[in-house]
Amino acid sequence: MAETKVIGVIGSGQMGSGIAQLAAVRGIDVWLHDSDPVALSRATKTITASIQRLVSKGHLSREVGNDALRRLRYASNLEEFHSADVIIEAIVESEDIKKKLFSDLDKIAKVSAVLASNTSSISITRLASVTNRPNQVIGMHFMNPPPIMKLVEIVRGADTSDETFVTIKSLAERLGKTVICSQDYPGFIVNRILMPMINEAFFALYTGVATKEDIDTGMKLGTNHPMGPLELADFIGLDVCLSILKVLHAGLGDTKYIPCPLLVQYVDAGRLGKKRGIGVYNYQKVAEAVKP
Ligand code: NAI
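Residues numbered from 1 in each chain as written. Predicted model: local features only at pLDDT ≥ 70, side-chain atom pairs only at ≥ 80, totals over all residues.

Under the UniProt heading Pathway (unreviewed entry), the note attached to the protein chain is "Lipid metabolism; fatty acid beta-oxidation." (UniProt positions renumbered as here; feature names shortened; annotations may be inferred.)

What follows is the structure, given as structure tokens:
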């Protein structure tokens with residue numbers, strides 16, 4: 001198995017920019033692309049500022065920081081991705097859009113390249129089915145934020161080869177992560193268990209059981225979670241949570257996965273969580289809660 005020297009990351013939102021930063025800091029050359037030039041330019045600034053902050057706080061040496069900044073390259077098209085050994089897709093959680101990208105990547109990527117998806121819930125087997133290399137397609141599910149969270153959930157599609165698994169496991173370990181392995185069923189391990197809890201928290205808020213603050217405090221102090229479920233949903237992105245619940249419901253058929261109407265309404269209203277400044281809570285005015 002050849003060592004991964006160059007990775008491509010597609011989607012420069014919360015997850016893609018974090019994965020790109022982490023890989024560059026760990027000495028891997030990175031191409032980062034987003035179809036939205038504004039998102040790509042925002043990511044350039046965020047990643048640069050984040051690395052500079054880590055250096056100024058003494059968490060990274062100046063040499064490592066400068067080296068990471070040199071290793072990061074931003075691409076406005078996908079052609080540059082031909083040099084990548086591993087391409088990690090971190091675009092919007094939509095099966096149709098991801099399939100179109102995987103089909104394009106299959107034509108652009110070098111023959112030996114592994115195509116990985118950071119999807120939270122979408123079938124790796126179905127993404128692989130639109131390529132001519134299903135044995136080299138795999139799920140590499142980072143947690144948010146990727147530079148900090150210790151876990152990577154690796155998801156094996158029906159045809160994922162052992163060699164592909166070993167390549168991605170060793171890449172994840174080089175990035176300092178602990179790996180768990182899931183079979184390719186909706187929501188995999190983490191979101192299959194987490195999303196019903198978040199949905200139930202929305203139902204508790206929707207039916208007036210308690211305030212959002214009490215629901216979150218109850219779960220933080222009552223079950224020793226670092227964040228309450230509503231706060232966590234805002235952090236993940238309410239659009240991402242809604243997409244995952246829809247995948248769980250469609251794939252497993254159980255009515256317990258039907259998304260709470262309040263979650264649907266927030267997404268319809270553009271209240272997508274922290275990334276938009278407003279979700280269950282309002283982040284534009286510090287500490288001021290928004291009425292449900
Ligand atoms: P985000 O909304 O912050 O970023 C998505 C980015 O993808 C946007 O910048 C958008 O312009 C770009 N994009 C959309 N379509 C594209 C295309 N066809 N080609 C190139 N770029 C495209 O989303 P986020 O939160 O970073 O999520 C990305 C993926 O990671 C999703 O699959 C999500 O389920 C998964 N994920 C999200 C986590 C979270 O906590 N937000 C945690 C783990 C996985």
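1. Some details on the domain arrangement of the protein chain
With domains assigned, the protein chain is organised as domain 1 (6-183) and domain 2 (191-276). Domain 1 puts six residues into the contact, and the matching count from domain 2 is nine residues. Partitioning the side of domain 1 that touches domain 2 into residue classes produces one nonpolar, four polar and one charged. (Domains from an automatic or database assignment. Contact = placed C-beta atoms within 7 Å. Nonpolar A, V, L, I, M, F, W, Y, C, P; charged D, E, K, R; others polar.)

2. Side note on the nonpolar core
Ranked by size, the top nonpolar core spans 78 residues in total, and within it Val 30, Ile 87 and Cys 241 carry the most contacts. Inspection of this core shows a minimum of three residues originating in each of domain 1 (6-183) and domain 2 (191-276). If near-sequence neighbours (up to four positions away) are discounted, Val 30 is found in contact with Ile 7, Val 9, Ala 20, Ala 23, Ala 24, Arg 71, Leu 72 and Arg 73. (Core = buried A, V, L, I, M, F, W, Y, C linked by C-beta atoms within 7 Å. Buried ≥ 20, exposed ≤ 12 C-beta atoms within 10 Å, placed from the backbone.)

3. Considerations on the packing of helix α8 (residues 212-223) against helix α9 (residues 229-236)
Where α8 contacts α9, the axes come no closer than 7 Å and their chain directions differ by 100°. Taken together, the axis directions place α8 and α9 in an arrangement best described as roughly perpendicular. Two secondary-structure elements touch here, α8 through Lys 212, Ile 215, Asp 216 and Met 219 and α9 through Pro 229, Leu 230 and Glu 231. Looking at the contact of α8 with α9 residue by residue, the class counts come to four nonpolar, no polar and three charged. (Axes fitted to C-alpha atoms, helices over the stretch in contact; angles between N-to-C directions. Helix = DSSP H or I, 4+ residues; strand = E, 2+ residues; numbered from the N terminus. Parallel < 35°, antiparallel > 145°, perpendicular 65-115°, else oblique.)

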